[in-house]
Number of protein chains: 2
Amino acid sequence: MATIRDVAREAGVSIATVSRVFNQTALVTDATAQHVRTVASRLDYWPNSAARSLITHRTHAIGVLLPDLYGEFFSEVIRGIDMAARREKYQVLVSSSRANAETIVAAVRALRGRIDGLIVMAPDADATAAIGDFAARFPVLLLNPGATAIEVGALSIANHEGAYAAVRHLIDLGHRRIAMVMGPSGNLDAGERNAGYRQARADAGIAHLPELELAGDFSESSGFQAAEALMRIRPRPTAVFAANDYMAIGLISALRDADVRVPQDLALVGFDDIAIAQYLSPMLTTVRVDACELGERAMQRLLPFARTRRPAEPHRETLPTTLIVRHSCGAQTPANGATVGSRHRPRGTRHLDDRTSAVRDGGAPGEV
Amino acid sequence: MATIRDVAREAGVSIATVSRVFNQTALVTDATAQHVRTVASRLDYWPNSAARSLITHRTHAIGVLLPDLYGEFFSEVIRGIDMAARREKYQVLVSSSRANAETIVAAVRALRGRIDGLIVMAPDADATAAIGDFAARFPVLLLNPGATAIEVGALSIANHEGAYAAVRHLIDLGHRRIAMVMGPSGNLDAGERNAGYRQARADAGIAHLPELELAGDFSESSGFQAAEALMRIRPRPTAVFAANDYMAIGLISALRDADVRVPQDLALVGFDDIAIAQYLSPMLTTVRVDACELGERAMQRLLPFARTRRPAEPHRETLPTTLIVRHSCGAQTPANGATVGSRHRPRGTRHLDDRTSAVRDGGAPGEV
DNA sequence: TTGTAAGCGTTATCAG
DNA sequence: CTGATAACGCTTACAA
């Protein structure tokens, strides 16, 4: 591997000049610059990043710390992060850890010195706390940290608003006995979605009924199991809000087995709008979260701080969600909506003021 | 940030000794070692990885180059890679690129000097070729490179065998007019799955019919569209093999809209066994690929070479696939298989000799 | 506009 | 077993 010295010697200049050419710093004659570049590419020279970062204290890499929970949501977030990183010529170092504080701290330590900034997806409350003091002296951006007191840069999803819109939609359709399948306890997104559910009930004057809140952990199988619990409730709920789409899928599957028709016997709304939501039967009404954009935005927010390696401002930002009305909620019947054209994924209109808007997907005749 | 000098001074030893303690190299008295460690942790010292890799020429990082196509399969592979990396204390640098040779070379260049080894998921043929000469002088492991002539370390999936088993299964159920929804042209996995399909037909004495091979690109929507083409074929096929599960989902959705019953009117088999395959209606018969294990194994294979930074041996290895028989193929009727217990995901028995085995999922009464 | 030279924080090679 | 000291490949004052 050629070094800066080889290039300098071969080009008949000093190593400082070569360095300048590769950093487009200081004034260098176009002629010499061109010459140096030619020699460099002939020698297949590329600056050694270790040597460079040893002196500049910059790595041009961003760390991404994920929970070991995976799935479409996370992979979309990474995709967004990667897209933004590539645009800005930054590398992405991914690392997963269990959500507990201990492993998070260990993961952060392992990343130390290798990154200029860190994006942490910490869906648990204690994980957020664990990262706190680190964030005070290093550029860190938290994804979905909930409403904790710690002062950190953060980006979250309008979970509360999204859930509120979903449940409100069910209420508007005439439902009163509306159950909810919860996410993992301790998970902040899940908690906020539950709060939105409760708020919507309260605002409609529907009493809080703890027995309508069924356990779940965001997995298909937990949705499947929740359906069994659901069917034992008397009087049986007429609608259910699942804290994510995967559980909604499990629910649909179990309900079908039990000959409970969706939406006729039980209306259903999910959360996330994963890619296959529109291919389910019935097509799933859900709250769209643009996970890819979340990742991109996180990178955008973090980069200015990463470049200067100063702690990120403790500013919080919330990404809007969109209620996507399909068939599982009963607002539209499968009969009039099943066309090929209805399978596209409209991006919907984003209203940044009210953080949850609604679009109708696949319903209106001629909408194709 | 404390440096090795600070620790040395504070501990009253030389920097060489501190270095030795942190590399558990050479003999150091337990007493001094202990003392140094204490001082180091008090100063919150951690070796600077840039300085370290500048002299050792090791980064303790592995690069992962992905196609920009994402989805459950890729995220599972990354998860496997990450698990193995964490075990071995290696970092993972992910980077995506379009599959074409040009962007791949650019991505590799950007990674140069930052990694000790590279895992490339290059589902396209020309991408594989692009990586060839780089692999001759650097530890590279290709995932699913197809049967190209280049001598590289590679890990692939038993695509041919899996597809063969799927189609053979349909033939054994009495089907003769079996269509296939293809993957993207140029995609090597897709090509091998098609070859398996053709081979199974040929071995059963069924003539090759080009019109039964429908275009697709691995997306749900392409499966949806393929269904329309499928239904125009006369005489209509009685079974269809989809090159992946996402397309199978699109197919199911379109067929339901057209009132074509699966499996009664049309039997269906997919490929990949994504998590929700067992929650579809009907439950999807498919060929399981353990994407997570693929990632883990890739890391295992690559690491010995990464440690020495010598090019990987041009050894090829194929991971077995398993036919998972559920309802969409018609071998089992939904009536007798729909129990809660059937929703677990049995790992199946792996027969390493014949690279595709079969398991029955959710059928046998009492299997729960 | 270009060159010289002093580090950056380690590890590795020798002596002791 | 421990300590000097020379690299590693680069950036960046400071000089010319």
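Provided above is the structure to which this section pertains.
Counting restarts for each chain: residues are numbered from 1 in the order of the written sequence. To label them, take the chains in the order written and letter them from A, then take the ligands in the order written and number them from 1. The predicted nature of this model means local features are confined to residues of pLDDT at least 70 and side-chain atom pairs, given and counted, to a pLDDT of 80 or more, with totals for whole chains, interfaces and linings taken over all residues. Remark: hydrogens and water are excluded; side-chain values derive from all non-hydrogen atoms of the structure.

Trainee: So, the overall build of chain A: which residues are in play, and what are the values?
Mentor: Numbering goes from the N terminus for both helices and strands, where a helix is a DSSP run of H or I of at least four residues and a strand is a run of E of at least two. Counting its regular elements, chain A contains 13 helices and 13 strands. Only protein chains enter the area calculation, which uses a 1.4 Å probe; residues under 20% of their type maximum are buried, those over 50% are exposed, and those in between are partly exposed. Across the 368 residues of chain A, 56% fall into the buried class. Any two residues whose heavy atoms approach within 4.5 Å at even a single point are treated as in contact. Restricting the contact set of chain A to residue pairs at least 6 apart, pairs at least 24 apart contribute 74%. For accessible areas, the Shrake-Rupley method is used with a probe of radius 1.4 Å. Any residue's cover is judged against the shown protein chains and nothing else. Carbon and sulfur atoms provide 53% of the accessible area of chain A, an area that totals close to 15,000 Å².

Trainee: Quick rundown of a nonpolar patch on the surface? Include the residues and the values.
Mentor: A cluster of nonpolar side chains, contributed by Leu54(A), Ile55(A), Leu54(B) and Ile55(B), occupies part of the molecular surface with about 390 Å² of accessible area. Counting residues per element, the ones that place at least two in the nonpolar patch are α4 (49–56) of chain A together with α4 (49–56) of chain B. Here Ile55(B) is to be found in helix α4. The class of Ile55(B) is exposed, set by a relative accessible area of 68%. Only residues whose relative accessible area exceeds 30% and that form no salt bridge enter a patch; like-charged residues are grouped when within 9 Å of one another, and nonpolar side chains (Val, Leu, Ile, Met, Phe, Trp, Tyr) when within 5 Å. Put simply, a salt bridge is a Lys or Arg side-chain nitrogen that is within 4 Å of an Asp or Glu carboxyl oxygen.

Trainee: Tell me what's going on with the sheet that holds strand β8 (residues 239–242) of chain B, and back it up with residues and numbers.
Mentor: All names here are of chain B. Two strands form a pair only when DSSP identifies at least two bridges running between them. If you walk across this open sheet you meet the four strands as β7-β6-β8-β9, and the pairing is parallel. The open sheet has two edge strands with one neighbour each: β7 (213–214) and β9 (267–269). Where β8 lies against β9, three bridges are found, and the strand directions are parallel. Opposite phenylalanine 241, over in β9, you have valine 269 as the bridge partner. This element, helix α11 (residues 245–257), spans β6 (178–181), β8 and β9 of the sheet and lies at about 145° to β8. For every element, the axis is a line fit to its C-alpha atoms; helices are fit only across the contacting stretch, and the angle between N-to-C directions ranges from 0 to 180 degrees.

Trainee: Lay out helix α6 (residues 101–111) of chain B in plain terms, naming residues and giving numbers.
Mentor: All of the buried residues in α6(B) are Ile104(B), Ala107(B), Val108(B) and Leu111(B). Burial along α6(B) is one-sided: seen end-on, the buried residues are contained in an arc of 100°. Tucked inside the fold, the buried residues of α6(B) contact β2 (91–97) of chain A together with β1 (61–67), β2 (91–97), β3 (117–121) and α7 (125–135) of chain B. Taken from the residues just after α6(B), Gly113(B) is the one with a positive phi, measuring 85°. Think of the arc as the fan of directions from the helix axis to the C-beta atoms.

Trainee: Got a sec to walk through the protein's contact with DNA strand D? Specific residues and values, please.
Mentor: By convention in these notes, a residue is near a molecule or strand provided one of its non-hydrogen atoms lies within 4 Å of it. Residues in contact with DNA strand D amount to 28 residues; listed here are only the nearest, Ile4(A), Ser19(A), Arg52(A), Thr17(B) and Arg20(B). Protein-adjacent atoms of DNA strand D, using a 4 Å cutoff, are sugar or phosphate at a proportion of 63%. Between a phosphate oxygen of DNA strand D and a main-chain N or O atom of Asn48(A), the distance comes to 3.1 Å. One of the backbone nitrogen or oxygen atoms of Ala51(A) is found 3.4 Å away from a base nitrogen of DNA strand D. Counted as a polar contact is a pair of N or O atoms within 3.5 Å, where, for protein atoms, one must be capable of donating a hydrogen and the other of accepting one, and residues adjacent in sequence contribute only when both atoms are in side chains.

Trainee: Can you break down the side chain of Asp116(B) residue by residue, with the values?
Mentor: Residues and elements named next belong to chain B. Considering the arrangement of structural elements, one finds aspartate 116 in the loop between α6 and β3. A distance of 2.8 Å separates a polar atom in the side chain of aspartate 116 from the backbone nitrogen of threonine 59. A distance of 3.2 Å separates the side chain of aspartate 116 from the side chain of arginine 309, its partner in a polar contact.

Trainee: Tell me about the pairing of strand β4 (residues 140–143) of chain B, residues and numbers included.
Mentor: The side chains of a regular strand alternate between both faces of the sheet. Residue and element names in this part refer to chain B. Residues Val140 and Leu142 point to one face of β4 and Leu141 and Leu143 to the other, with burial holding for every one of them. Bridge count for β3 against β4 is four bridges, and the pairing is parallel. Residue pairing across strands places valine 120 opposite leucine 142, the latter belonging to β4. When the strands point away from the viewer and the path from the first strand over the helix to the second turns clockwise, the crossover is right-handed. With respect to chirality, the unit in which β3 leads through α7 into the neighbouring parallel β4 is right-handed. By the bridge criterion, three bridges tie β4 to strand β5 (residues 153–157) in an arrangement that is parallel. Each bridged residue has a counterpart across the sheet, and for leucine 141 the counterpart in β5 is glycine 153.

Trainee: Go over the packing of aromatic side chains with me, naming the residues and quoting the values.
Mentor: Centres within 6.5 Å make a pair out of two Phe, Tyr or Trp rings, where for Trp the six-membered ring is used; the pair is then stacked when the planes are under 30 degrees apart, edge-to-face when over 60, and tilted otherwise. Evaluated as defined, the whole model comprises ten aromatic pairs over all chains. Between Phe73(B) and Phe74(B), the aromatic rings sit 5.9 Å apart at their centres with planes inclined by 85°, giving edge-to-face as the arrangement. Each of the two residues, Phe73(B) as well as Phe74(B), counts as buried. By the criterion adopted, a ring carries a charge over it if an Arg CZ or a Lys NZ lies within 6 Å of its centre and within 35 degrees of its normal. Lying over the aromatic face of Phe271(A), Arg193(A) brings its terminal NZ or CZ to 3.8 Å of the ring centre.

Trainee: How would you summarise the environment of Ser156(A) if you had to cite specific residues and measurements?
Mentor: The topology assignment puts Ser156(A) in strand β5 (residues 153–157). When the C-alpha atoms of Ser156(A) and Leu319(A) are compared, they prove to be 6.0 Å apart, with 163 residues separating the residues in sequence.

Trainee: Got a sec to walk through the sheet that holds β1(B)? Specific residues and values, please.
Mentor: In spatial order, the strands read β11(A)-β5(A)-β4(A)-β3(A)-β1(A)-β2(A)-β2(B)-β1(B)-β3(B)-β4(B)-β5(B)-β11(B); together these twelve strands make up an open sheet with mixed pairing. Each of the sheet's edge strands pairs with one partner strand only, and the pair in question is β11 (316–319) of chain A together with β11 (316–319) of chain B. In this sheet, neighbouring strand axes are inclined to one another by 20° on average, regardless of whether the strands run parallel or antiparallel. Set on the sheet, helix α12 (residues 291–308) of chain B makes contact with β1, β3, β4, β5 and β11 of chain B; between it and β5(B) the angle comes to about 170°.

Trainee: Let's hear about the protein's contact with DNA strand C: which residues, and what values?
Mentor: Neighbouring residues of DNA strand C: 28 residues in total, closest Thr17(A), Arg20(A), Thr29(A), Ile4(B) and Ser19(B). Sugar and phosphate atoms constitute 64% of the interface atoms of DNA strand C, taking the interface as everything within 4 Å of the protein. Thr29(A) is positioned such that a nitrogen or oxygen atom in its side chain is 2.5 Å from a sugar or linking oxygen of DNA strand C. Between a phosphate oxygen of DNA strand C and a side-chain N or O atom of Ser19(B), the distance comes to 2.5 Å. Of all the secondary structure elements, the ones that give two or more residues to the surface near DNA strand C are α2 (15–23) and α4 of chain A together with α1 (4–11), α2 (15–22) and α4 of chain B. Ranked by residues supplied to the surface near DNA strand C, first place goes to α4(B) with five residues.

Trainee: Give me the lowdown on the interface of chain B and chain A, citing residues and values where you can.
Mentor: Facing the 53 residues of chain B at the interface are 53 residues of chain A. For the pair chain B and chain A, the interface holds four salt bridges. The salt bridge involving Asp44(A) is made with Arg112(B); its shortest N-O contact spans 3.4 Å. Our enumeration of links across chain B and chain A arrives at 17 residue pairs in polar contact (both at pLDDT 80 or more). The set of elements that each furnish at least two residues to the side of chain B that touches chain A consists of α4, α5 (72–87), β2, α6, α10 (220–232) and α11 of chain B. The greatest single-element share of the side of chain B that touches chain A, amounting to seven residues, is contributed by β2(B). Note that Gly is not counted as nonpolar here; it falls among the polar residues with everything else outside the nonpolar set of Ala, Val, Leu, Ile, Met, Phe, Trp, Tyr, Cys and Pro and the charged set of Asp, Glu, Lys and Arg. Taken together, the residues of the side of chain B that touches chain A break down into 22 nonpolar, 17 polar and 14 charged.

Trainee: I'd like a rundown of the packing of α6(B) against α7(B), residues and numbers included.
Mentor: Residue and element names in this part refer to chain B. Two elements in contact, α6 and α7, have axes whose closest approach is 8 Å; the angle formed by their N-to-C orientations is 35°. For the pair α6 and α7, the sense of crossing is right-handed. Only Asp126, Ala127, Ala130, Ile131 and Phe134 of α7 make contact with α6, whose side of the interface consists of Ala101, Ile104, Val105 and Val108. Should the near helix be turned anticlockwise from the far one by less than a right angle, the crossing is left-handed, and should it be turned clockwise, the crossing is right-handed.

Trainee: Go over the pairing of β11(B) with me, naming the residues and quoting the values.
Mentor: Residue and element names in this part refer to chain B. Residues Glu317 and Leu319 point to one face of β11 and are all buried, whereas Arg316 and Thr318, pointing to the other face, are not buried. Relative to β11, β5 is paired through four bridges, and the arrangement is parallel. Each bridged residue has a counterpart across the sheet, and for serine 156 the counterpart in β11 is threonine 318.

Trainee: Which residues make up the environment of Pro237(A), and what are the values?
Mentor: By the element assignment, Pro237(A) lies in the loop between α10 (220–232) and β8 (239–242). Every residue in contact with Pro237(A), bar those within four places of it in the chain, is listed here: Arg177(A), Ala179(A), Leu212(A), Leu230(A), Asp265(A) and Leu266(A).

Trainee: I'd like a rundown of the relation of the copies chain B and chain A, residues and numbers included.
Mentor: Mapping chain B onto chain A calls for a screw motion: a turn of 180° about the axis and a shift of 0.1 Å along it, with 0.1 Å RMSD after fitting. Those values place the two copies in the arrangement expected of a two-fold rotation axis. Least squares is used to superpose the copies, and the fit set is the C-alpha atoms of residues whose pLDDT is at least 70 in both copies.

The analysis is restricted to geometry; functional conclusions fall outside its scope.
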